[in-house]
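Breakdown of the fold
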Amino acid sequence: MATILSRNASLLRLARRCLRPPGRPGEPSSPPPPPGAVRSPSSPILRPLVPAGVGVKSLRLFERCLSTAASAAAAGSGDSEAKAPAEPTRGGEEKSGGSNRSGDAGKPVRGGPVSWLSFLLLVATGAGLIFYYDKEKKQHIEDISNASKAVKQGPSVGKAAIGGPFNLINDKGKNVTEKDFLGRWTMIYFGFTHCPDICPDELLKLAATVDKIKEKAGFNIVPVFISVDPERDTVEQVHEYVKEFHPNLIGLTGTPDEIKKVARAYRVYYMKTAEEDSDYLVDHSIVMYLMGPDMNFVKFFGKNSDVDALTDGVINEIKQYKKQK
């Protein structure tokens, strides 16, 4: 707009020069144009700009108005151009101030998908689950340990099915049954007289145990030896054999059927292992049975029990038996 007004003002100045009246006296007049000279192009241009019938004064007044408008337009455009850069500056200041305010606040108005609060809650939940699992695990282990250490009284299954009636012959040739031992504590060992080492060792241990129990607790124990080799262990053979270990040791033998019957009743294993003519060995169980005064089974002792273990074990069983009675 200011450019158009400035252009119109320049044209008006040119028109004023063209429409200037003849010079005053003393002023040189401009010479007439020579013949054939080209007329100034200003006349056609001024025709649309200067209304018809307008004088020189009116033209000057119009020029001044255009000049004033052009100056005002130029000043307005300058102010707008000066103000335009300032607005972004103020906007930038506002934005920077806003960013400073948001920075001073420390937290964005709208955070990302995972905030610090949700992260802390997740960590706390995980720690709680780990603590709970560890506590339950320790409690479970402690319960198992306590259960394994606790001694619980299980259901009674009765006494072992060991012992029973028998009918044998003692080393003096007299028939005896289990009833002949009623009222006395008895220790029974199964073996054979031709045993090279195990049977003699066990019978010596039995004899020493009987004497030690008598000396230590005053209990009388009847030692009994039952042969599992009825073919060779006759009454005389058994008699000669048992008197070498203890004077109170009673030796029993019998027919093969009777021996088989008593061995089965006492859960004793025996079998011939090697045979050369009449010389053979018998493999058998190495066990001592403690029988009560009623000839019921009380306890058995294996080969690994020495004299002291046998002595203390038998004494304890007798004392417990008497407490129950």
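Scroll up for the structure.
Residues numbered from 1 in each chain as written. Predicted model: local features only at pLDDT ≥ 70, side-chain atom pairs only at ≥ 80, totals over all residues. Heavy atoms only, no water.

**A closer look at unusual backbone geometry**
In this structure, Arg 267 takes a positive phi of about 55° despite not being glycine. Its location among the elements puts Arg 267 in the loop between helix H7 (256-265) and strand E6 (270-276). Unlike most non-glycine residues, Met 295 shows phi in positive territory, near 60°. Here Met 295 shows up in the loop between strand E8 (288-291) and strand E9 (297-301). Accessibility expressed as a relative area gives 8% for Met 295, which makes it buried. (Helix = DSSP H or I, 4+ residues; strand = E, 2+ residues; numbered from the N terminus. Buried < 20%, exposed > 50% of the residue type's maximum accessible area, 1.4 Å probe, protein only.)

**Description of the pattern of salt bridges**
Evaluation of the coordinates by the stated rule reveals 8 salt bridges. Here Arg 232 makes a salt bridge to Asp 229, at a shortest N to O gap of 2.6 Å. Given a relative accessible area of 16%, Arg 232 falls into the buried group. With relative accessibility at 2%, the residue Asp 229 sits in the buried group. (Salt bridge = Lys/Arg side-chain N within 4 Å of Asp/Glu carboxyl O.)

**As for the pairing of E8**
Side-chain alternation along E8 places Met 288 and Leu 290 on one buried face and Tyr 289 and Met 291 on a second face that is also buried. With 4 bridges joining them, strand E3 (residues 185-191) and E8 adopt antiparallel strand pairing. Of the residues in E8, the one forming a bridge with Met 187 is Leu 290. In this structure, E8 lies alongside E9, joined through 4 bridges in antiparallel fashion. Its bridge partner lying in E9, Tyr 289 is registered against Phe 300. (Pairing = 2+ DSSP bridges.)

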